[in-house]
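For reference, the chains in residue letters:
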Amino acid sequence: MILPVAPLLVPLGTSLLCTLTSNSVQLQRKISLLGSLLLLGTAIVLGVQVADHQSISLASGSWPLPFGIEVVVDRLGALLVFVAALMVLICTLWQMGDVDPAHSSFFYPLLHGLVAGSCAAFIAADLFNLYVWFEVALICSLGLLAQGGTLKHLDATLKYFALNLVGTLLLLTAVALLYGATGHLNFNALAMSVQYVNPAIMQAVTGLLILAFLVKAAAFPFFAWLPASYHTLPAPSLALFSALLSKIGICALIRTLSSIFHPSPEPLLSMLGIIAVLSMIVGVLGAAYHWDLRRILAFHSISQVGYMLLAMALSTRAGDAAAIFFALHHSLVKAGLFLCAAMIFKLSGHYDLRKVGGLYAEKPGLAAIFLLLALSLVGIPPFSGFWGKYLIVRECLVQGEYLWAFLALLVGALTFYSMMKIWLEAFWKPHPSAGWQAAKIVKPIPVTTGLCLLSVIILAIGLFPEPLIGFVNDAANHLRGHAP
Amino acid sequence: MTSRAHIAEVFMRGLYPVLIIASFWMLLRGHNAPGGGFIAGLMAVAASSAYALIFNSSKASKKMPLLPARLSVSGVLVALASGLPAVFQGLPYLSHPWWTLSLGGFKLSLSTVMLFDLGVYLAVWGAIGGICLHLIETIEENL
């Protein structure tokens, strides 16, 4: 009777224990590693459970529903908890190496706190509870951002905080209005009672809710917090941010659109489609303009969020399944790319592409891994991104949205351009200064393990996509229940 | 602080334990029926802050059972752990079973809710107390 809340308890406990041991980094490291492995184990057990049963749930404190606070682990939740567990494991490993680790005794508590907040948001079955865990994740990510302590970091923190606060207030307003209109907060209870509410009010509240989640997911035109803050982070925090933060919004949005407010109002869906397309295009163009590696990758995140929104805007089972698949793929690939960027920075001392080069001769292995990740992001077979884009474009064509399908492919081509820009500039071209020597990485094993683990998973998804596609199809079916 | 207020110091030495005992009583009794971890924690914070104002913040911090940050973290851990006994009885996490202890004439009812409230009490004392002491410390530095 504790398994459904384990994705929350394990990282929360780890975070607290890491705070208690804040005077010994060695001990923190061990606890963090143990906590990450335990979370990974929990995620796998949950995955097996939800593959057998549809979902497992728990109302804490034996309170009767819909009054008790419920958590429900369904396939979507289990999959995202797995991603979070994998990422926190890789971040802990990365922290043991010497490639841009975070230097602060509060890194581990905040890291696990962020994971606890996001995992709890993935499994929350109660709108207010979801809001609370959004906040926990927000506070922990603010802590991680402010850790550098310099003016640059505080500037990024302030921008991040101000923009996310708008999203948070929108969310809180929507929660309050919804509670006023229906008297419920539990997702199931809401899904049953929304049909009795005045459709105009319902449409306004749903719109507000979607708006709040769009801010959290960094979609156009609310994405400003993402490129304003990401480029100041150390590598492990950056990987975790890119893998988890926007996914909290995406996960909440999928649940809202497909299982609570179903059928979603048509005007909202077409709005979402337009926002998705604009996010895709603006993100990829922003990336093409920049030369700082981290900014390029941050802008690509916006573009990729656009793909997920596009799949959701189709509002079909296959669309939801494609969005979930894409979210998983994007978490892994983008985290891997950010970690590669940190390696480039460590080797050459710069994030600016104009000041680096010649890394292919120094590190052919890194060049190969980067190429694999970049091609996967672009969506070239046989990597995971191909299947993600294939599912989305196919569903666009099935639904008769030819323009959206065309734009998705066009954005793919532009993504290819900026990925190749990075690869050619950082790896292929000779280094701009003649007497340049690559910096030495003293402890390469932890970081290499992390990167290889990610690459192997991405390659495995690319080569054997059927089990995962089956899983996300079931997840989408479960989300939509009996609705068409 | 440059000047010391002797009468206030003597008075405070006696008052501090009374305030802490009062906060414990509030923890057990609650301000309006069963236990009140939060309000009791705030009372303990008031005791610590008063102590810090009359002596100084580092002495007040030493009077707390643990350093403020550690105290609040331990409190949350206690609260999280209080949900576990129910799990071993097959109930959902954070259910709070009750036991009755017969002590001769009267019956004592015990529950893991008490542990949860104790956790809240420690967390509030540690977190809010830590913030208050830190604020008082900045005032001390500027004097």
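This structure is a prediction, so every number in the text was calculated from the model and none was measured.

Colleague: So what exactly am I meant to see when it comes to the overall build of chain A here?
Modeller: Helices and strands together make up the secondary structure of chain A, namely 19 helices and two strands. Over its C-alpha atoms chain A spans a radius of gyration of 21 Å, differing by no more than 12% from the 23 Å that the globule rule assigns to 484 residues. Over its C-alpha atoms, taken along the principal directions, chain A stretches across nearly 75 × 55 × 45 Å. Expressed as a percentage of the 484 residues in chain A, the buried residues total 63%. Within chain A, contacts between residues separated by at least 24 positions form 81% of all contacts whose residues are at least 6 apart in sequence.

Colleague: Hey, could you run me through the overall build of chain B in this one?
Modeller: Counting its regular elements, chain B contains six helices and two strands. Counting across all 143 residues of chain B, residues that qualify as buried make up 38%. Taking the intrachain contacts of chain B between residues at least 6 apart in sequence as the baseline, contacts between residues at least 24 apart amount to 59%. Of the roughly 8,100 Å² of accessible surface on chain B, a fraction of 72% belongs to carbon and sulfur atoms. Computed over 8 positive and 5 negative side-chain charges, the inter-centroid distance for chain B is 12 Å.

Colleague: In this structure, what is going on with the pattern of salt bridges? I would like to understand it.
Modeller: Oppositely charged side chains may form a pair once their charged atoms are brought near each other. Residue and element names in this part refer to chain A. If you walk through the whole model with that rule in mind, you get five salt bridges over all chains. With a shortest N-O distance of 2.8 Å, D320 and R480 are connected by a salt bridge. Residue D320 is located in helix α13 (residues 317-348), and its partner R480 is located in helix α19 (residues 466-480); the two are separated by 160 residues in the primary sequence. Given the relative accessible area of 2%, D320 is considered buried. Ionic pairing is found between D352 and R354, a salt bridge with its closest N-O pair at 3.3 Å.

Colleague: How do you make sense of the side chain of E70 of chain A when you look at a structure like this?
Modeller: For E70 of chain A, the location among the structural elements is in strand β2 (residues 70-73). For E70 of chain A, the side chain forms a polar contact with the side chain of N186 of chain A, separated by 3.0 Å.

Colleague: Sorry, what's going on with the interface of chain A and chain B here?
Modeller: Interface size is commonly expressed as the accessible area that is lost once the parts come together. In this assembly, 16 residues from chain A lie in contact with 14 residues from chain B. Surface buried jointly by chain A and chain B totals about 1,300 Å² across both partners, of which 76% is contributed by carbon and sulfur atoms. Three residues stand out in chain A for area buried against chain B, namely M1, L16 and L20 of chain A, and they jointly supply 42% of the buried area on that side. Remark: the boundary between chain A and chain B carries zero salt bridges. Connecting chain A to chain B are two residue pairs in polar contact (both at pLDDT 80 or more). When contributions to the side of chain A that touches chain B are tallied by element, the ones reaching two or more residues are α1 (6-20) and β1 (56-59) of chain A.

Colleague: When you look at the packing of aromatic side chains in this model, what are you seeing that I'm missing?
Modeller: Inspection of the entire model under this criterion finds 24 aromatic pairs over all chains. Centre to centre, the rings of Y307 of chain A and F326 of chain A are 5.3 Å apart; their planes meet at 20°, and the pair counts as stacked. Taken together, the positions of Y307 of chain A in helix α12 (residues 293-313) and F326 of chain A in helix α13 put the pair 19 residues apart, joining distant regions of the chain. No difference in accessibility class separates Y307 of chain A from F326 of chain A, as the two residues are buried. With 5.6 Å between their ring centres and 65° between their planes, F24 of chain B and Y121 of chain B make a pair best called edge-to-face. One end of the pair, F24 of chain B, is in helix α1 (residues 6-29); the other, Y121 of chain B, is in helix α6 (residues 112-142), with 97 residues separating them in the sequence.

Colleague: I keep staring at a nonpolar patch on the surface and nothing clicks. Help me out?
Modeller: Residue and element names in this part refer to chain B. There is a patch of nonpolar side chains on the surface, built from W99, L101, L103, F106, L108 and L110 and spanning about 540 Å² of accessible area. Mapped onto the nonpolar patch, the elements with two or more residues apiece are β1 (98-103) and β2 (106-111). Inspection of the secondary structure assignment puts L103 in strand β1.

Colleague: In this structure, what is going on with the environment of G358 of chain A? I would like to understand it.
Modeller: Residue and element names in this part refer to chain A. Locating G358 in the fold gives a position in the loop between α13 and α14 (359-362). A relative accessible area of 15% places G358 in the buried class. Between the C-alpha atom of G358 and that of M87, which follows or precedes it by 271 residues, the distance is 29 Å. For G358, the contacting residues outside a window of four places in its chain are A426, F427, K429, P430, H431 and W436.

Colleague: Got a minute to help me understand helix α4 (residues 68-81) of chain B in this structure?
Modeller: In an α-helix, one turn spans 3.6 residues; hence positions three or four apart end up facing the same way. In this model α4 of chain B runs 20 Å from its N-terminal to its C-terminal C-alpha over 14 residues, within 8% of the 20 Å that 1.5 Å per residue would give. Taken together, the buried residues of α4 of chain B touch α1 of chain A together with α3 (57-63) and α6 of chain B.

Colleague: What is the right way to read helix α6 (residues 151-182) of chain A from this model?
Modeller: All names here are of chain A. With 32 residues, α6 extends 46 Å from end C-alpha to end C-alpha; this agrees with the ideal 46 Å at 1.5 Å per step. Buried within α6 we find H153, A156, T157, Y160, N164, G167, T168, L171, A174, V175, L178 and T182. On its buried side, α6 packs onto α5 (127-146), α7 (187-193), α8 (199-217), α9 (225-230) and α10 (235-260). At the C-terminal side of α6, G183 shows a positive phi close to 80°.

Colleague: Looking at this structure, how should I read the pairing of β2 of chain A?
Modeller: For a regular strand, the rule is simple: side chains alternate between the two faces of the sheet. Residues and elements named next belong to chain A. Neither face of β2 is open: one carries E70 and V72, the other V71 and V73, and all of them are buried. In terms of strand pairing, β1 meets β2 through four bridges, oriented antiparallel. Each bridged residue has a counterpart across the sheet, and for S57 the counterpart in β2 is V72.

Colleague: Sorry if this is basic, but what is going on with unusual backbone geometry here?
Modeller: Peptide bonds are, in most cases, trans, and in most cases residues other than glycine have a negative phi. All names here are of chain A. For the bond from F220 to P221, the omega torsion is -5°, close enough to zero to count as cis. Its location among the elements puts P221 in the loop between α8 and α9. Residue P382 is reached from P381 by a cis peptide bond, and omega for that bond is 5°. On the secondary structure map, P382 appears in the loop between α15 (364-378) and α16 (384-398). Phi angles above zero are rare outside glycine, and A218 is one such case at about 60°.

Here is what the cut-offs are and how they apply
- Residues numbered from 1 in each chain as written.
- Chains lettered and ligands numbered in written order.
- Predicted model: local features only at pLDDT ≥ 70, side-chain atom pairs only at ≥ 80, totals over all residues.
- Heavy atoms only, no water.
- Helix = DSSP H or I, 4+ residues; strand = E, 2+ residues; numbered from the N terminus.
- Rg over C-alpha atoms; globule rule 2.2 N^0.38 Å.
- Buried < 20%, exposed > 50% of the residue type's maximum accessible area, 1.4 Å probe, protein only.
- Contact = heavy atoms within 4.5 Å.
- Areas by Shrake-Rupley, 256 points an atom, 1.4 Å probe, with all protein chains shown as cover.
- Lys, Arg positive; Asp, Glu negative; His and termini not counted.
- Charge placed at Lys NZ, Arg CZ, Asp CG, Glu CD.
- Salt bridge = Lys/Arg side-chain N within 4 Å of Asp/Glu carboxyl O.
- Polar contact = N/O pair within 3.5 Å; in protein donor to acceptor, adjacent residues only side chain to side chain.
- Buried area = accessible area lost by both parts, 1.4 Å probe.
- Phe/Tyr/Trp six-rings, centres within 6.5 Å; stacked < 30°, edge-to-face > 60°.
- Patch = residues over 30% accessible without salt bridge, like charges linked within 9 Å, V, L, I, M, F, W, Y side chains within 5 Å.
- Expected span 1.5 Å × (residues − 1).
- Pairing = 2+ DSSP bridges.

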